[in-house]
Amino acid sequence: MHISDGVLSPAVIAFGWIVSIVFIAFSFKWAQKHGSIAEQIPKLSVFTAAFFVASLIHINVPPTSVHLILNGLLGVVLGALAYPAMFIGLVLQALLFQHGGITTIGINSFNVGVPALISYVAFRKGSAMGLSKPVIGGICGGLAILLTTVFLALVLITAGEQFEMMAKLVIIPHMVIMVIEAVITASVVAYLAKVKPELLPLDKEDNK
Amino acid sequence: MRSTRLITIAILLILSISLMPAASAHRCYVEQVGADEIVVKAFYEGDSPMGLAEYQILNADSEEVLYEGETDEDGFLSFTPVEDVTQYTVVVDQFGHMGEATISATGGSAETAELPLFMRIFTGFGYLLGLAGIAMIYTAKKKQ
């Protein structure tokens, strides 16, 4: 899921950085509007740590190998702050694990960050409609992975890859991850909704 | 404090995940495993093969492309050494995951020394803790 240095064209790399910087600025604005950022820091750190190690847990799907991403979970639990959280996680992964390149941190953040934001919006809308939180959380967890693989495939097509190969090596193997992350997100949301509902960004707004 | 307990449990869970011996990453390795015909294996951390990945073999000195192709299902590729070329750069790319190694015609690829995986995980947690600390100091100052 991490694109290495030297694969993409400079235009795509520049696009990734610009969009990421804009989204990070936007997400801090959003967080300031929705309560104190200071209160969010412990939650933010814990979930960034989870994201940071998630890519070490991989599953063999011959002829390739896929790993957990957890962007749907971060989107649902952190809201817009998932974007800067994953940006930091990706920087650490690139520096310490050599997962992905340095120049591609921008576009890699875009590939996981935008689906996380979409998941968050979907989770909010779904909850407002009165659907069960764990169910909608699970769907959002899976949706984020699907969107990430589609984004990744589109980005790699700009680098000259063919769509059929992308479908075979990226989208289909990640179906396994989609199911696993749907279950993880549903369980975390079910647990938080029961034990500490105010940790979900959504409930705070509902309470207001 | 419920939230402190929750966060402690979460940290412990993450730590226990990161200490699993089977934990392995998506870092790419490219390593020579044969000599006569040069056989190269491309794999991710944790030994899962980079099957059906595109590769390029270059002359390490002139950067001229000598061979191009796709690895087999088990991540292997092989090529016949070219006369007068002693160092080859092998680049393997699977949907943006790219591994690279320089190998010599006499066999073996250069390995670089680095910290063990669990040390790198703890380094990452250290950075996150530091960042959280800085962010807390910053937000506390703002409040005053």
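Chains are numbered independently. Their residues run from 1 in the order of the written sequence. As a convention, the first chain written is A and the first ligand written is 1, with the rest following in written order. Local features are withheld for residues below a pLDDT of 70 in this predicted model, meaning they are given only at 70 or higher, and side-chain atom pairs are given and counted only at 80 or more; totals for whole chains, interfaces and linings count all residues. With hydrogens and water stripped out, all remaining heavy atoms of the structure feed into the side-chain values.

As named in an unreviewed UniProt entry, chain B is Nickel transport protein, taken from Methanolobus vulcani.

In the annotation of an unreviewed UniProt entry, chain A is listed under the name Cobalt transporter CbiM and assigned to Methanolobus vulcani. UniProt positions are given in the numbering used here, feature names are shortened, and annotations may be inferred rather than shown by experiment. The UniProt entry for chain A carries this comment under Subcellular location (unreviewed entry): "Cell membrane".

Draft legend 1. Highlighting the sheet that holds strand β4 (residues 65–70) of chain B. Residue and element names in this part refer to chain B. Pairing between two strands is assigned when DSSP locates at least 2 bridges connecting them. The helix count covers DSSP runs of H or I at least four residues long, the strand count covers runs of E at least two residues long, and both are numbered beginning at the N terminus. An order of β4-β3-β6-β7 is seen for the four strands of this open sheet, with the pairing classed as antiparallel. Looking along the sheet, the strands with just one partner apiece sit at the ends: β4 and β7 (97–104). Averaged over all pairs of adjacent strands, the angle between their axes in this sheet comes to 15°, without regard to strand direction. In terms of strand pairing, strand β3 (residues 54–59) meets β4 through five bridges, oriented antiparallel. Each bridged residue has a counterpart across the sheet, and for Leu58 the counterpart in β4 is Val65. Here, axes are lines fitted to C-alpha atoms. For helices the fit covers the stretch in contact, and angles between N-to-C directions go from 0 to 180 degrees.

Draft legend 2. Up close: the packing of helix α1 (residues 10–33) of chain A against helix α5 (residues 105–128) of chain A. All names here are of chain A. One can describe the packing of α1 onto α5 by two numbers: an axis separation of 8 Å at closest approach and a directional angle of 40°. In this view, α1 runs oblique relative to α5, as classed from their interaxial angle. Note that α1 runs across α5; the crossing there is left-handed. Residues Val12, Phe15, Gly16, Trp17, Val19, Ser20, Phe23 and Trp30 of α1 lie in contact with α5, whose contacting residues are Ile105, Gly106, Ile107, Ser109, Phe110, Val114, Leu117, Tyr120 and Arg124. When residues are sorted by character, Ala, Val, Leu, Ile, Met, Phe, Trp, Tyr, Cys and Pro go into the nonpolar class, Asp, Glu, Lys and Arg into the charged class, and all the rest, Gly among them, into the polar class. Classifying every residue of the contact of α1 with α5 gives 12 nonpolar, four polar and one charged. Roughly parallel refers to an angle under 35 degrees, roughly antiparallel to one over 145, roughly perpendicular to one between 65 and 115, and oblique to any angle outside these ranges. Two helices crossing with the near one rotated counterclockwise from the far one by less than a right angle form a left-handed crossing, whereas a clockwise rotation gives a right-handed crossing. Only heavy atoms matter for contacts: two residues are in contact if any of them lie within 4.5 Å across the pair.

Draft legend 3. Expanded view of the interface of chain B and chain A. Counting residues at the interface gives 46 residues for chain B, matched by 47 residues for chain A. Put simply, buried area is the surface a 1.4 Å probe can reach on two separate parts but cannot reach once they are joined, added for both. A combined buried area of about 3,800 Å² lies between chain B and chain A, and 70% of that area is made up of carbon and sulfur atoms. In protein, a polar contact requires one atom able to donate a hydrogen and another able to accept it; more generally it is a pair of N or O atoms within 3.5 Å, and residues adjacent in sequence count only if both atoms are side-chain atoms. In this structure, the connection of chain B to chain A is made through four residue pairs in polar contact (both at pLDDT 80 or more). Of all the secondary-structure elements, those providing two or more residues to the side of chain B that touches chain A are α1 (2–18), β6 (87–94), β7 and α2 (117–143) of chain B.

Draft legend 4. Layout of unusual backbone geometry. We note that Gln98(A) has phi near 55°; this positive angle belongs to a residue other than glycine. Positive phi, normally seen in glycine, also occurs at Glu63(B), with a value near 65°. Structurally, Glu63(B) can be placed in the loop between β3 and β4.

Draft legend 5. Broad picture of the sheet that holds strand β2 (residues 38–44) of chain B. All names here are of chain B. Strands sit in the order β1-β2-β5 across an open sheet of three strands; the sheet is antiparallel. Because the sheet does not close on itself, it has two edges, and the strands there are β1 (28–32) and β5 (76–79). Averaged over all pairs of adjacent strands, the angle between strand axes in this sheet comes to 20°, irrespective of strand direction. One ladder, built from four bridges, connects β2 with β5; its direction is antiparallel. Paired with Val40 across the bridge in β5 is Leu77.

Draft legend 6. A look at the pairing of β7(B). In this structure, β6(B) lies alongside β7(B), joined through eight bridges in antiparallel fashion. From the neighbouring strand, Val92(B) faces β7(B), where its bridge partner is Gly99(B).

Draft legend 7. Looking closely at a nonpolar patch on the surface. Residues and elements named next belong to chain A. Any residue with relative accessible area above 30% and no salt bridge may belong to a patch, with like charges joined within 9 Å and the nonpolar Val, Leu, Ile, Met, Phe, Trp and Tyr side chains within 5 Å. Throughout, the Shrake-Rupley method with a 1.4 Å probe supplies accessible areas, and for residues the shown protein chains are the sole cover considered. Salt-bridge detection follows one rule: a side-chain nitrogen of Lys or Arg within 4 Å of a carboxyl oxygen of Asp or Glu. A contiguous nonpolar surface patch, about 590 Å² in accessible area, is contributed by Leu146, Val150, Leu154, Ile157, Phe163, Ile172 and Met175. In terms of residues, the nonpolar patch owes the most to one element, helix α6 (residues 133–158), which gives four residues. With respect to the helices and strands, Met175 occurs in helix α8 (residues 174–195).

Draft legend 8. The arrangement of the nonpolar core in detail. With 75 residues, the main nonpolar core has Leu8(A), Leu74(A), Leu78(A), Leu156(A) and Phe125(B) as its most contacted residues. In these notes, a set of buried Ala, Val, Leu, Ile, Met, Phe, Trp, Tyr and Cys residues joined through side-chain atoms within 4.5 Å is what counts as a nonpolar core. The buried label applies to any residue whose accessible area, calculated with a 1.4 Å probe on protein chains only, is under 20% of its type's maximum; exposed applies above 50%, and partly exposed to all values in between. If you look at the next biggest cluster of nonpolar residues, it comprises 18 residues, including Cys28(B), Val30(B), Ala42(B) and Val90(B).

Draft legend 9. Representation of α8(A). All names here are of chain A. Under the 1.5 Å per step criterion, the end-to-end length of α8 is 31 Å for 22 residues, consistent within 8% with the ideal 32 Å. Regarding α8, the residues found buried are His174, Ile177, Glu181, Ala182, Thr185, Ala186, Val189 and Leu192. One side of α8 holds all its buried residues, which, seen down the axis, span an arc of 160°. Across from the buried face of α8, at angles greater than 90 degrees, the exposed residues are Val179, Val183 and Lys194. Any helix carries an expected span of 1.5 Å times its number of residues minus one. When we speak of the arc, we mean the arc of directions from the helix axis to the C-beta atoms.

Draft legend 10. Broad picture of the pairing of β3(B). Residue and element names in this part refer to chain B. Between the antiparallel neighbours β3 and β4 lie five residues, among them Glu63 with a positive phi of about 65°. By the bridge criterion, six bridges tie β3 to β6 in an arrangement that is antiparallel. Paired with Leu58 across the two strands is Thr89, which belongs to β6.

Draft legend 11. The arrangement of the packing of aromatic side chains in detail. When two rings of Phe, Tyr or Trp (its six-membered ring) have centres within 6.5 Å they constitute a pair, described as stacked for plane angles under 30 degrees, edge-to-face for angles over 60, and tilted for the intermediate range. Counted by the stated rule, this structure contains 11 aromatic pairs over all chains. With a centroid separation of 6.0 Å and an interplanar angle of 80°, the aromatic rings of Trp17(A) and Phe87(A) are classed as edge-to-face. One end of the pair, Trp17(A), is in helix α1; the other, Phe87(A), is in helix α4 (residues 82–97), with 70 residues separating them in the sequence. On the numbers, 5.1 Å between centres and 65° between planes, the contact of Phe79(B) with Tyr88(B) is edge-to-face. In our convention, an over-ring charge means Lys NZ or Arg CZ found within 6 Å of a ring centre and within 35 degrees of that ring's normal. Lying across the ring of Phe43(B), Lys41(B) places its NZ or CZ 5.0 Å from the centre.

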